[in-house]
Amino acid sequence: MEDEVSAVATSGVGALATSGQDAGAAPAGAVLGEVPEVALPPEVEHFGPQRFLNRELSWLDFAERVLDLAADPAQPLLERVKFLAILATGLDEFFSVRVAGLKDQLAAGVPARSPDGRSARGLLAEVRTRTLGMLDRVGRLYRDELVPSLADHGLRLVGYGDLDQAARAELAERFEREIFPVLTPLAVDPGHPFPYISSLSLNLAVDVEDPLTGSRRFARVKVPPLLPRYVAAGEDRLVALEEVIGAHLGLLFPDMVIAGKRYFRVTRNADIDLDDDDAEDLLEAVELELRRRRFGRAVRLEVDASMEPEVQELLVRQLELEPQDCYPVDAPLDLGQLWAIASVDRPDLKAPGWVPIVPPPLAAPHDGERPDIFAVLRERDLLVHHPYDSFAGSVEAFILAAAADPDVLAIKQTLYRTSGDAAFVDALARAAESGKQVATLVELKARFDEQRNIRWARQLEQAGVHVVYGVMGLKTHSKTALVVRREPDGIRRYCHIGTGNYNSETAKSYEDLGLLTSSPEVGEDLTDLFNHITGFSRPGSSRQLILAPERFRPWVLESIAAETALGPEGWITIKLNGLTDPEIIDAFYGASQAGVRIELVVRSLCCLRPGVPGLSENITVRSIVGRFLEHSRIYRFGPPIEPPPPPAGAAPAGHLAHPGHRGPTRTAPAGSRATSTAPAGRRGRYVIGSADLMERNLDHRIEALVPVETPELCAQLEEVLQLALADDTGCFALSADGSWRRVRTTRGVSLQRRLQELAVERSRRRRLGETH
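Now for a look at the structure at hand.

Glancing now at the pairing of strand β11 (residues 408-415). Most of β11 sits inside the fold, with seven of its eight residues counted as buried. Here β11 runs beside strand β15 (residues 479-487); their pairing, made up of five bridges, is antiparallel. Considered in β15, the bridge of alanine 410 is made with valine 484. Bridge analysis of β11 against strand β12 (residues 437-442) gives six bridges, and the strand direction is parallel. The residue of β12 that forms the bridge with threonine 414 is leucine 441.

Quick look at the structure:
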């Protein structure tokens, strides 16, 4: 879901702006080797593999939470349709990557078990059981709730059989004119082998009979993916394209009898098996693997629930699958195409519109030009929070201003997933053409965006940009940009370090954070990072940035250990996308046993089991699923800084109580400092960046995290954390038994709605200031 549907602090370390460095905290850029060894406490090990939740089953839990929102009648109708589309595309990716990996493990005879003790075979059986239950729920929701509700609001999804003669005649004419020329029927007989079925394509299995000889053949007709999935039949009726094709098969098989037709869909292994060390040209190697991926092994067969057993058996046999890989679906296949319905122009059926607001320091006065972004950053750091703060008016404006500024000498940027409009790509190309030194890392191994990134890489190279494709053996996931500018007092570096991609489209729906700064230390660190990425060197010790894979894992373990040493005075609050790493989870368990208060807001994957007596009773885990995808990563080690007070007249958001904590429970409003047993003067350390607490982020990716030092910006981060801990409208809580339960709404606190209100209030205060 993260790719289709489709993950937000001052470091523990010498990053304190006002008070001195905390006791026990290691500098953010400390070199590897200064890390205290973290032994697994016997009292943690005693709980065995059951102390972990399973990664794959945790993803299915997340999918169920998305499905809960699709089933929620309190959600606007087209928002419910959108959540169902998100679920469908997420399941596609889950099977093409995670289930494919399990099947590869099984085929290779690898006996390894998951950290929670499950075998690949047993886990595949559990995944099937869970998925079948989910598909049953999806089918009932689609048929019994969403389709009737859409019809009540003038969006009628009807079958071909529901149309009158006039509508059928209109569709028949359109079929012959626009659809028939694109179709290619493929029969199976001794002279026609079973055709290749491309991954995620929608197909018709057709039983064709010769009325003269009585012989029968199986034929496959692919539904063209480039044609719209829904065909208009009159003013307010839409018919699925596959049904229109199915109703006119006689034109594809003239003089034959159509004895039957059913729909099916195949999912193939989509993971790229790339050995960087043996690749002489990484771009060519990725292109080759992309061609090979088209022919990856089939891992799932979805079929129309009414498909005859003999047709299912034929497909399973020809695709070299097992019967348990077949999933009957009592709903249209490929519900990811419901995005087309969710996108119709019906504001009355959607959540209220939201237009991101330019951050006040970068906004133009009422009758003037926008301020010079470099002048602003010379005076202060800026924390931007998307989609509440405008991406175009902040991060994009930063790069565009650098490209156009004659005093800018160099621009360096990492591109992981960028958008179709490619504002960044165009700006970097113009900068290179004007003589600036421009270097870009385009990560070719960003799953499902490989082809697009190859295209951008070639476009940038043609414009004279220095393009590199990554670091051998690692995926570059950091979100970093560096601008080098000539100024009267010398060379100055301006930086952006974020939690989300440089993508103007996803910035409208993904919640992310970014720091814009002219800090000399951060600038030096980013210079070293880009030299490491583009050159040939080992990364050195950093001054402020926390980099993976060299430093991030040790820093997290050190920070947990420092809080553990404080016992009940320790405090950890983290907001992130995923928590799966066993070593980090065990460190959290040890901290909980020491009495440390641990608050985790985890959007999707979580393998930690909270609330277990004697193990994790001081840990709470919650997940927020809503209109915007919660994608930012915020790490706070230590007690919270005072968040900004709520605007006058605004209702404060309550703080979540933690019944398992050994210290006092608090129910303070979000705008006030909650009761804490922390010693006076001790201050939490805040860090934001691109990395989650997952093995891939800790050990196999280049990630960048940055301390946030300015008290005002730390207060902004704390505001986000407290609202996330108080949300009771789109929040789910994880229980000790591994189940997720929706938090009961008592105060009506919405993290996302409140952050919209705060963005509007900040803009209003700026405008009022201009008039006085």
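Looking at chain direction, strand β3 (residues 202-209) and strand β7 (residues 257-268) are connected through eight bridges and run antiparallel. The residue of β7 that forms the bridge with aspartate 207 is glycine 260. The sheet contact formed by β7 and strand β8 (residues 298-304) spans five bridges and is antiparallel. Looking across to β8, one finds that arginine 265 is bridged to glutamate 302.

Right, let's get into the environment of threonine 476. Tracing the chain through its elements places threonine 476 in strand β14 (residues 475-476). With 225 residues separating them in the primary sequence, threonine 476 and arginine 701 have C-alpha atoms 5.5 Å apart.

Our focus in this paragraph is the environment of leucine 301. The topology assignment puts leucine 301 in strand β8. Sequence separation of leucine 301 and tyrosine 327 is 26 residues, and the distance between their C-alpha atoms is 6.1 Å. Ignoring any residue separated from it by four or fewer positions in sequence, one finds leucine 301 in contact with Phe264, Arg265, Val266, Leu315, Val316, Leu319, Leu321, Asp325, Cys326 and Tyr327.

Attention shifts here to the sheet that holds β3. Taken in spatial order, the six strands line up as β2-β4-β3-β7-β8-β9 in an open sheet, and their pairing is mixed. The open sheet is flanked by β2 (185-188) and β9 (326-329), the only strands paired with a single partner. Going from strand to strand, the sheet's axes swing by 30° on average, the running direction of each strand aside.

What follows concerns the side chain of aspartate 692. Its location among the elements puts aspartate 692 in the loop between β24 (685-689) and α18 (695-699). Of note is the side chain of aspartate 692, whose polar atom sits 3.1 Å from the side chain of arginine 633.

So, about helix α9 (residues 309-318). Working note: α-helix, 3.6 residues per turn, so residues spaced by three or four point in the same direction. If you check which residues of α9 are buried, you get Val311, Gln312, Leu314, Leu315 and Val316. Tucked into the core, α9 has its buried residues touching β3, β4 (216-222), β7, β8 and β9. A positive phi of about 60° marks glutamate 320, the residue just after α9.

A few words on unusual backbone geometry. Here histidine 386 and proline 387 are connected by a cis peptide whose omega angle stands at 5°. Looking at the element boundaries, proline 387 is found in the loop between β10 (382-386) and α12 (395-404). Residue alanine 548 is joined to proline 549 through a cis peptide bond whose omega torsion reads 5°. Mapped onto the elements, proline 549 comes out in the loop between β18 (546-548) and α16 (552-564). Phi at aspartate 334 takes a positive value of approximately 60°, unusual for a residue other than glycine.

The three strands are arranged β1-β6-β5 in an open sheet whose pairing can be described as mixed. Whereas interior strands pair on both sides, the edge strands pair on one side only; in this sheet they are β1 (156-158) and β5 (230-232). Taking each pair of neighbouring strands and ignoring which way they run, the sheet shows an average axis angle of 40°. Pairing of β5 with strand β6 (residues 237-240) involves three bridges; the strand directions are antiparallel. Each residue of the ladder has a partner; that of alanine 232, found in β6, is leucine 238. Across the sheet, helix α5 (residues 165-179) lies against β5 and β6, angled at about 120° from β5, the strand it touches most.

Turning our attention to the pattern of salt bridges. For the structure shown, the criterion picks out 58 salt bridges. A salt bridge links glutamate 302 to arginine 265; the shortest N-O distance between them is 2.8 Å. Of this pair, glutamate 302 sits in strand β8 while arginine 265 is found in strand β7, placing the two residues 37 residues apart along the sequence. Overall, the relative accessible area of 3% leaves arginine 265 in the buried class.

Moving on: the packing of helix α2 (residues 55-70) against helix α3 (residues 77-107). Where α2 meets α3, the axes come as close as 8 Å, and the angle between the chain directions of the two elements is 170°. Taken together, α2 and α3 sit at an angle that is classed as roughly antiparallel. The interaxial crossing formed by α2 with α3 has left-handed handedness. Two secondary-structure elements touch here, α2 through Arg55, Glu56, Trp59, Leu60, Ala63, Val66, Leu67, Leu69 and Ala70 and α3 through Arg80, Phe83, Leu84, Ile86, Leu87, Gly90, Leu91, Phe94, Arg98 and Leu102. When its residues are assigned to classes, the contact of α2 with α3 shows 14 nonpolar, one polar and four charged.

So, how was this worked out
- Residues numbered from 1 in each chain as written.
- Predicted model: local features only at pLDDT ≥ 70, side-chain atom pairs only at ≥ 80, totals over all residues.
- Heavy atoms only, no water.
- Buried < 20%, exposed > 50% of the residue type's maximum accessible area, 1.4 Å probe, protein only.
- Helix = DSSP H or I, 4+ residues; strand = E, 2+ residues; numbered from the N terminus.
- Pairing = 2+ DSSP bridges.
- Contact = heavy atoms within 4.5 Å.
- Axes fitted to C-alpha atoms, helices over the stretch in contact; angles between N-to-C directions.
- Polar contact = N/O pair within 3.5 Å; in protein donor to acceptor, adjacent residues only side chain to side chain.
- Salt bridge = Lys/Arg side-chain N within 4 Å of Asp/Glu carboxyl O.
- Parallel < 35°, antiparallel > 145°, perpendicular 65-115°, else oblique.
- Left-handed = near helix turned anticlockwise from the far one by under 90°.
- Nonpolar A, V, L, I, M, F, W, Y, C, P; charged D, E, K, R; others polar.

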